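Examination of the molecular architecture
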Amino acid sequence: MNRHVNFLACLCLSTFGLSSAASANKVFVSNEKGNTITVIDSDTWEPITEFPGGNRPRGIGISPDGKYLYVCASDDDTIRVFDTETYQEVWTLPSGPDPELFTIHPSGELLYVANEDDNLVTVVDTQSRTIVAEIPVGVEPEGMAISPDARFVINTSETTNMAHFIDTSDYKIKHNILVDQRPRYAVYSDDGNKLFVSSEIGGTVSVIDPNGADGPVLTDKIGFEVSGVQPEWLQPVGMKITADNKWLFVALGPANRVAVIDAETLEVVDYILVGQRVWQMAFTPGQEFLITTNGNSNDVTVIDVAKQRAIKSVQVGQQPWGVAVMPDE
Amino acid sequence: MRVLTRLFGTILIAFCMIMPAYALDVRATVLRVDYPSLLPISRYDLVPDDLGFAGAVLGDEDNQTTGSFLGMTFETEFVSTAPEALDAQLDSILAQGTDLLIVMADADDLLKIADRAGVDVMVINATARDTHLRDDMCRANTLHVAPSQSMMADAVVQFAMWKRWRRLFLIHGSNPADRALGDAYRRAATKFGAEIVEEREFEDTGGSRRTDTGHVLVQRQIPVFTQDAADHDVVLAADASDVFGLYLPFHLWTPRPVMGSGGLRPVTFHAAHEAWGATQFQRRFEALSGRYVQEADYQVWLALRVIGEAVIRTNSAAPDVLMNYILSEDFELAAFKGRKVNFRPWNGQLRQPILLTDSKLTVSVSPQDGYLHQRSTLDTLGLDQPESACSAFDQ
């Protein structure tokens, strides 16, 4: 049963009014074309500032202690590190060429970076600022995820069409799972029992049981259908799953919608209309809100997670790509 | 110190091979026929010695990287031949047991190769655009990664209609290939509701293409040639022979945009295309070949990727198994064009978006918004099933 999303101003205002009790966190948005980072206040949903982020900033993340913002400056072949208070660049991290996406070890000590041009995953020590390891993977590595127990890092390679399971103890690939065309993003459920991989061109999300008796196994594929939208524009990209493992949100790129999936039954229960070319997403710390970057409308959409409704859009810089939210203090 | 760490890390993490499900050696051959040709009008169109082969090297490498995780090896052989030596070369290739054959040849030679190779060989046409190869002359063992002229013409006329440029002035060359291209534009105009309000033939009178200050003459000749045409919105150039199409922009009597063989050109790929991750393709290609990509390189790369994808999904290198899978609904491939490409099962033609370029940038991509089809919007480009006289794939 699909519910229609009525984006009525009054509804937005009332929803917004009700939820304003949440604590304020800074939301950082990388603007790929604008070469800037926009900072938004998650209480007022107003932009606070915009600062230079290097050339072609894409993947973005925050250290677990909230002190540092890591930005993949793809065209600078480096990861720029900013102070989250002063917005000053404090140093850079070696990333290998053309870094696009990374995932952070829960300790904050290591970054695992996908290097699209070199078919490598680079492991960077954030303290010594050195490269610890380079792991050869498939063609055009992109999506990065880490298992909740930190035993495996997942990399998806866009032209090889695989999810590679990299053992974090010896940096060897232990398993490969073939998925549909152009896998973009990977995310684990918080209980570690499911791994989701989105295939942009294949138009599906692959569901993998990472703990199968004989190693990880592909169990399901989730497809999408929206009446009035050509099937080729339903291109799953960014994903987030709620901490209770109940709801999976999937950004559908040029379909301008976020799919809401029951993570148990794997059924799509709703499509939330957001801005144009919706790309990456991030939760606020309490998971009350999900923020989506919309590359072709230069804004972010704020989704009320409980209500599964878009409540607000905020104008940011040119071609927003990644988004990260400060942890609670 | 940092270098040491890097080195150590790299050695430590020597490639980890997973236990292969099947050991499979896949061998393909790229056969290129080199015809005598005139110099192009533009130096940018000079043909490099490794045309197509450079694309094959990249395709081979992409397949090999993926195959290494599955215990598969991919190997590609390159053969170039003069037309008169084609028969002998072909016999030698077939005698070696090659059964995956990518062909860069003209339509007549492609048919000859397909027929001699027979049903046990999968042939992929990488470059020939003649529409009849997908129509009454289609072959059951032959796939077409190259788009047909009618797909290219449809891509151009869809854009003209999207712009509401309905009145077309068609200028075609005097060689058979130019006339065939002119036919494709006429069909496209009828198909999408445009009108050819004026039509002229630009005669190929031969002569040298390289002359000093040749542009002075062009600036005088083209306006005269195009004067007194009926009112039109756009000029379509059908110049498969590369004789005049590039001379038309800015030299028309009436100031109008040019599309087709000059101005806004339909291509499968070009070196400035960056959307949908194509930048990565460009960088990988340039690192390997030391030059910009040409359409033929992309098409041969794509042909090898078609083979690679089918092998990886079927765990087989047998031509009949691959052909069945490639023509099935399960086959899909990402091709840096924003959507999956796959094949028309009734004539073996690859469905694909067509880029429109001003030779610097991707200006637009067809099919255009609003051109719908019951099966795939990509089938609004080129011969559709009811129009196709191809019956070789009926079973």
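Cut-offs applied
Residue positions are given per chain, counting from 1 as you read along its sequence in written order. A letter from A marks each chain and a number from 1 marks each ligand, given out in the order of writing. In keeping with the predicted nature of the model, local features appear solely for residues at pLDDT of at least 70, side-chain atom pairs appear and are counted solely at 80 or more, and the whole-chain, interface and lining totals rest on all residues. Only hydrogens and water are set aside when side-chain values are computed; all heavy atoms of the structure are taken into account. UniProt positions are given in the numbering used here, feature names are shortened, and annotations may be inferred rather than shown by experiment. Only DSSP runs of H or I with at least four residues qualify as helices, and only runs of E with at least two residues qualify as strands; both kinds are numbered from the N terminus onward. It is over C-alpha atoms that the radius of gyration is taken, and the globule rule equals 2.2 Å times the number of residues to the power 0.38. Partly exposed residues are those whose accessible area sits between 20% and 50% of the maximum for their type, while under 20% is buried and over 50% is exposed, using a 1.4 Å probe and protein chains only. In what follows, a contact means two residues having at least one pair of non-hydrogen atoms within 4.5 Å. Using a 1.4 Å probe, the Shrake-Rupley method yields the accessible areas, and only the shown protein chains count as cover for residues. Any carboxyl oxygen of Asp or Glu that lies within 4 Å of a side-chain nitrogen of Lys or Arg is treated as forming a salt bridge with it. Nitrogen and oxygen atoms within 3.5 Å of one another constitute a polar contact, given that in protein one can donate a hydrogen and the other can accept it, and given that sequence-neighbouring residues count only through two side-chain atoms. Each residue receives one of three labels: charged for Asp, Glu, Lys and Arg, nonpolar for Ala, Val, Leu, Ile, Met, Phe, Trp, Tyr, Cys and Pro, and polar for the others, Gly being one of them. By definition, two strands form a pair when at least two bridges between them are found by DSSP. Surface patches are defined over residues having more than 30% relative accessible area and no salt bridge, joining like charges when they lie within 9 Å and nonpolar side chains (Val, Leu, Ile, Met, Phe, Trp, Tyr) when within 5 Å. Each axis is a line fitted through C-alpha atoms, taken for helices only over the stretch in contact, and angles between the N-to-C directions span 0 to 180 degrees. By the definition used in this description, the sense in which the near helix is turned from the far one sets the handedness, with an anticlockwise turn below a right angle giving left-handed and a clockwise turn giving right-handed. By the definition adopted for this analysis, an angle is roughly parallel if under 35 degrees, roughly antiparallel if over 145, roughly perpendicular if from 65 to 115, and oblique otherwise. Each residue carries a pLDDT value, the predictor's own confidence for that position, ranging from 0 to 100. When two rings of Phe, Tyr or Trp (its six-membered ring) have centres within 6.5 Å they constitute a pair, described as stacked for plane angles under 30 degrees, edge-to-face for angles over 60, and tilted for the intermediate range. Here, a charge over a ring means that NZ of Lys or CZ of Arg falls within 6 Å of the ring centre while also lying within 35 degrees of the ring normal.

Chain B is annotated in an unreviewed UniProt entry as Amino acid/amide ABC transporter substrate-binding protein (HAAT family) from Yoonia sediminilitoris. Recorded in UniProt under Sequence similarities (unreviewed entry), the annotation for chain B is "Belongs to the leucine-binding protein family."

Going by the annotation in an unreviewed UniProt entry, the name recorded for chain A is PQQ-dependent catabolism-associated beta-propeller protein, with Yoonia sediminilitoris given as the source organism.

Along chain A, the regular secondary structure elements total one helix and 28 strands. Relative to the 2.2 N^0.38 estimate, which gives 20 Å for 329 residues, the radius of gyration of chain A is 18 Å and therefore close to what a compact globule would have. Each principal axis of the C-alpha distribution contributes one length, and for chain A these read about 55 × 45 × 30 Å. When burial is assessed residue by residue, chain A has 64% of its 329 residues classed as buried. Considering only residue pairs separated by 6 or more positions, chain A has 41% of its internal contacts joining residues 24 or more positions apart. For chain A, the exposed area adds up to about 11,700 Å²; of that, 47% sits on carbon and sulfur atoms.

Now for the interface of chain B and chain A. Tallying the contact residues gives 32 residues for chain B and 42 residues for chain A. Across the pair Asp75(A) and Arg283(B) runs a salt bridge whose closest N-O atoms are separated by 3.9 Å. Across the contact surface, chain B and chain A share 14 residue pairs in polar contact (both at pLDDT 80 or more). Listed by contribution, the elements that provide at least two residues to the side of chain B that touches chain A are helix 1 (2-12), helix 2 (53-68), helix 8 (278-289), helix 9 (295-314) and strand 11 (333-334) of chain B. The element contributing the most residues to the side of chain B that touches chain A is helix 1 of chain B, with five residues. Partitioned by chemical class, the residues of the side of chain B that touches chain A number twelve nonpolar, nine polar and eleven charged.

What follows is about the pairing of strand 17 (residues 195-199) of chain A. Residue and element names in this part refer to chain A. Among the five residues in strand 17, five count as buried, and that is most of the element. Burial along strand 17 is two-sided: Leu195, Val197 and Ser199 facing one way and Phe196 and Ser198 facing the other are all buried. Sheet analysis places strand 16 (residues 183-188) next to strand 17, joined by five bridges and oriented antiparallel. When the sheet's bridge partners are listed, Pro183 is paired in strand 17 with Ser199.

Glancing now at a nonpolar patch on the surface. Residues Val57(B), Phe78(B) and Leu288(B) make up a contiguous nonpolar surface patch of roughly 210 Å² in combined accessible area. Looking at the secondary structure, you find Phe78(B) in strand 2 (residues 72-81).

Within this structure's numbering, the places UniProt gives as "domain: Leucine-binding protein" (unreviewed entry) are residues 93-356 of chain B. The span residues 93-356 of chain B is 37% helix and 19% strand, and its two end C-alpha atoms sit 37 Å from each other.

On to the sheet that holds strand 8 (residues 99-104) of chain A, then. All names here are of chain A. Overall, antiparallel pairing links the four strands, which are arranged 8-9-10-11 in an open sheet. Single-partner strands in this sheet number two, and they are strand 8 and strand 11 (130-136). Adjacent strand axes in the sheet meet at a mean angle of 25°, parallel and antiparallel pairs treated alike. For strand 8 and strand 9 (residues 110-115), the ladder comprises five bridges, and the chain directions are antiparallel. When the bridges of strand 9 are listed, Ile104 appears paired with Leu111.

Bringing the packing of helix 3 (residues 86-95) of chain B against helix 4 (residues 107-117) of chain B into the picture now. Residues and elements named next belong to chain B. Taken N-terminus to C-terminus, the directions of helix 3 and helix 4 make an angle of 35°; their axes are 11 Å apart at the nearest point. In this structure, helix 3 meets helix 4 at a crossing whose hand is right-handed. Two secondary-structure elements touch here, helix 3 through Leu86, Asp87, Leu90, Asp91 and Leu94 and helix 4 through Asp109, Lys112, Ile113, Arg116 and Ala117. Classifying every residue of the contact of helix 3 with helix 4 gives five nonpolar, no polar and five charged.

Okay, the packing of helix 5 (residues 149-162) of chain B against helix 6 (residues 176-192) of chain B next. All names here are of chain B. Between helix 5 and helix 6, the shortest axis-to-axis distance is 8 Å and the interhelical angle comes to 45°. Here helix 6 runs oblique to helix 5, going by the angle between their axes. Regarding helix 5 and helix 6, the two cross each other, and that crossing is right-handed. Contacts between helix 5 and helix 6 involve Gln149, Ser150, Ala153, Asp154, Val156, Val157, Gln158 and Met161 from the former and Leu181, Ala184, Tyr185, Arg187, Ala188, Ala189, Lys191 and Phe192 from the latter. In the contact of helix 5 with helix 6, the residues fall into ten nonpolar, three polar and three charged.

Detailed reading of the predicted model is not advised wherever pLDDT is low. Averaged over chain B, the pLDDT score is 93; the fraction of residues at 70 or greater is 94%. For the stretch residues 1-21 of chain B, pLDDT sits under 50, and the model shows 29 contacts to residues farther than four places along the chain or on other chains.

A few words now on the packing of aromatic side chains. Under the criterion given, the structure shown has 23 aromatic pairs over all chains. Taken together, a centroid distance of 5.6 Å and an interplanar angle of 40° make the contact between Trp301(B) and Phe336(B) tilted. Taken as a pair, Trp301(B) in helix 9 and Phe336(B) in the loop between strand 11 and strand 12 (340-344) lie far apart in primary sequence, 35 residues in all. Of the two residues examined, Trp301(B) and Phe336(B), each falls in the buried class. Aromatic rings pair up to connect Phe269(B), Phe281(B), Phe285(B), Tyr298(B), Trp301(B) and Phe336(B) into one cluster. If you follow Arg277(A) out to its NZ or CZ, it ends over the ring of Trp279(A), 3.8 Å from the centre. Positioned above the aromatic ring of Phe53(B) is the side chain of Arg32(B), whose terminal nitrogen or guanidinium carbon lies 4.4 Å from the ring centre.

The next point concerns the side chain of Gln158(B). Residues and elements named next belong to chain B. As for its position among the elements, Gln158 is in helix 5. A distance of 2.8 Å separates the side chain of Gln158 from the backbone nitrogen of Gln368, its partner in a polar contact. Apart from the residues within four sequence positions on either side, Gln158 is in contact with Phe192, Ser366, Pro367, Gln368, Tyr371, Thr380 and Leu381.

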